[in-house]
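Below, each chain spelled out in residue letters.
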Amino acid sequence: QVQLVESGGGLVQAGGSLRLSCAASRGTFSRYAFGWFRQAPGKEREFVAAIGWPGDVTYYAGSVKGRFTISADNAKNTVYLQMNSLKPEDTAVYYCAGGLARKFYSAISYYAGSQYNSWGQGTQVTVSS
């Protein structure tokens, strides 16, 4: 299992930006696909974005498409989520998740939390109105 640690959360005003980082354990980065999920109090866990290989394919929830960008830096073993034009409804704990790349055999597989077997501790994002 890949070990994951998120950072970058915080309090931001609506319309502002944050960049979340997910640092993965060394030596295994290229074997995994990565996703970002979020969960607000009293709400179900929600898929946000994912990135997989080859070709650095990316996927986004409709609610964040055009505002959020997922990317990866292999040299740093880090996945990022750039969040722009933040809205109060983006407030949630954001989790980074990793799963063996070979398990992601279709586009829909990236949206399922069950495809990921490693999860970070989460980082709080709060967007004020």
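Everything here concerns the structure above.
Computed from a prediction, not measured in an experiment: that's the story for all the values here.

**Q** Please explain the nonpolar core as it appears in this structure.
**A** For soluble globular proteins, the rule of thumb is that nonpolar side chains tend to be buried together. Core analysis: the biggest nonpolar cluster contains 37 residues, and Trp36, Leu81, Met83 and Tyr94 have the highest contact counts within it. Breaking this core down by element, the ones donating at least two residues are β3 (18-24), β4 (32-39), β5 (46-52), β6 (57-60), β7 (68-73), β8 (78-83), β9 (92-100) and β11 (123-128). Not counting residues up to four positions away in its chain, the partners in contact with methionine 83 are Gly16, Ser17, Leu18, Leu20, Arg67, Phe68, Tyr94 and Val125.

**Q** It is not clear to me how the sheet that holds β3 should be interpreted in this structure. Could you clarify?
**A** Backbone-to-backbone hydrogen bonds pair the strands of a sheet. The strands run either parallel or antiparallel. A sheet is described by the order of its strands in space; here 4 strands give the open sequence β1-β3-β8-β7, paired in antiparallel fashion. Strands with a single pairing partner mark the edges of an open sheet, and in this sheet they are β1 (4-7) and β7. Taken over all neighbouring pairs, the strand axes of this sheet differ in orientation by 15 degrees on average, direction set aside.

**Q** Is there a simple way to explain the pattern of salt bridges in this structure?
**A** Side chains carrying opposite charge are able to pair once their charged atoms draw close together. Per the counting criterion, the structure on display carries 3 salt bridges. With a closest N to O distance of 2.9 Å, glutamate 46 and arginine 38 form a salt bridge. With a relative accessible area of 31%, glutamate 46 lands in the partly exposed category. Residue classification places arginine 38 among the buried residues on the basis of a relative accessible area of 5%. For arginine 38, the salt bridge identified is with aspartate 90, shortest N-O distance 2.9 Å. One end of the pair, arginine 38, is in strand β4; the other, aspartate 90, is in the loop between β8 and β9, with 52 residues separating them in the sequence. When sorted by exposure, arginine 38 lands in the same class as aspartate 90, which is buried. One network of salt bridges, in which partners are shared, links Arg38, Glu46, Arg67 and Asp90.

Reading the values: rules and limits
Residues numbered from 1 in each chain as written. Predicted model: local features only at pLDDT ≥ 70, side-chain atom pairs only at ≥ 80, totals over all residues. Heavy atoms only, no water. Core = buried A, V, L, I, M, F, W, Y, C linked by side-chain atoms within 4.5 Å. Buried < 20%, exposed > 50% of the residue type's maximum accessible area, 1.4 Å probe, protein only. Helix = DSSP H or I, 4+ residues; strand = E, 2+ residues; numbered from the N terminus. Contact = heavy atoms within 4.5 Å. Pairing = 2+ DSSP bridges. Axes fitted to C-alpha atoms, helices over the stretch in contact; angles between N-to-C directions. Salt bridge = Lys/Arg side-chain N within 4 Å of Asp/Glu carboxyl O.

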